[in-house]
Amino acid sequence: MRKSIKIFSAAIMLTAMMIAACNGPQRHDENKYLSQGKTIATETFNALSSELKAALARGGVPEAISYCNIQAMPITDSLSKLYNADIKRTSLNIRNPMNAPDSLELAILNEYQRKFENGDSLHPQILPVGENKVLFTAPIMVKPLCLNCHGEIGKQIQDTSYAIIRKHYPEDQATGYKAGDLRGMWSIRFNTEDE
Ligand code: HEC
């Protein structure tokens, strides 16, 4: 009896160790992609904010309008090469149709929105997709600076500025936000093939 308990507990220990060993590297990768995702989001956001500020100071919204396009920023290119990742921002209310969410992103956005409305805190997260990709997402919140182009039309966004925005983005839905609102999310796909 004693002996069989010993064997039994040894078997459990072994199983636990095997599970730990299998989970070990995976956990490690998750942390790696989580921290890389945060780095990319922070660096891109900082570059974006300073370019927006400078352009707004130079010539207001007409001057700054092209600076909220992260795909047009050199830092996006260099970070995506460095980390072997596709960097994108998306939203439930998009300005550029090219930034529209796919079905997985839509589900995550809806979840972030639901949490935001509940007053829950929103966190970056990692999700394996398919065999060779890991998806990092993180919420993007509205800062006072953003209201120049995403606030209320006729109030924070001057009518003349909005006319310019509308000309470039006829299907724009990204207005009416307040500071502290959830604007959208980062969607960063890491390619894990080469590991
Ligand atoms: C000078 C005007 C301007 C300011 C200020 C501005 N944006 Fe934008 N925003 C735009 C334009 C124009 C686009 C469309 C960019 C594109 O073509 O990808 C955009 C797109 C976005 C998108 C991508 C999703 C979509 O709707 O297409 C997000 C997210 C976003 N802005 C968040 C912000 C945040 C957060 C701030 C404040 C830190 C901010 N924006 C400040 C003009 C602005």
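As the structure is a prediction and not an experimental result, all values here were calculated from the model.

### Structural notes on the coordination of the iron atom of the ligand
- Distances from the iron atom of the ligand to its protein donors, C68 (SG) and H150 (NE2), fall within 2.1 to 2.3 Å.
- If you look at the iron atom of the ligand, its six donor atoms make angles of 86 to 179 degrees with each other, and the shape they trace is octahedral. Here C68, found in the loop between helix 1 (2-64) and helix 2 (74-83), pairs with H150, found in helix 4 (residues 147-150); they are 82 residues apart in sequence, far enough to count as distant.

### Quick word on the pairing of strand 1 (residues 85-90)
- Counting buried positions along strand 1 yields five of six residues, so the element is predominantly enclosed.
- Summarising the sheet, strand 1 and strand 4 (residues 182-191) pair through six bridges and their orientation is antiparallel. Paired with T90 across the bridge in strand 4 is M185.

### Looking at the site of the ligand
- The ligand sits among 20 residues. The nearest are C68, C146, C149, H150 and R183.
- Between an oxygen atom of the ligand and a side-chain N or O atom of N99, the distance comes to 2.7 Å.
- Here H150 contributes a side-chain N or O atom positioned 2.9 Å from a nitrogen atom of the ligand.
- Judged by the fraction of its atoms near the pocket grid, the ligand is located in the largest cavity.
- Breaking the shell around the ligand down by element, the ones donating at least two residues are helix 1, strand 3 (133-141) and helix 4.
- Here the element with the most residues in the shell around the ligand is helix 1; it accounts for three residues.
- Taken together, the residues of the shell around the ligand sort by class into twelve nonpolar, five polar and three charged.

Parameters and conventions
- Residues numbered from 1 in each chain as written.
- Predicted model: local features only at pLDDT ≥ 70, side-chain atom pairs only at ≥ 80, totals over all residues.
- Heavy atoms only, no water.
- Donors = N, O, S within 2.8 Å, 3.2 Å for Na, K, Ca; no water.
- Tetrahedral: all angles 85-135°; square planar, octahedral: opposite > 155°, others 65-115°.
- Helix = DSSP H or I, 4+ residues; strand = E, 2+ residues; numbered from the N terminus.
- Buried < 20%, exposed > 50% of the residue type's maximum accessible area, 1.4 Å probe, protein only.
- Pairing = 2+ DSSP bridges.
- Near = heavy atom within 4 Å.
- Polar contact = N/O pair within 3.5 Å; in protein donor to acceptor, adjacent residues only side chain to side chain.
- 1 Å grid on protein atoms, 1.4 Å probe; cavity = no way out; pocket = protein on both sides within 12 Å on 5 of 7 lines; lining within 4 Å.
- Sits in = over half its atoms within 2 Å of the grid points.
- Nonpolar A, V, L, I, M, F, W, Y, C, P; charged D, E, K, R; others polar.

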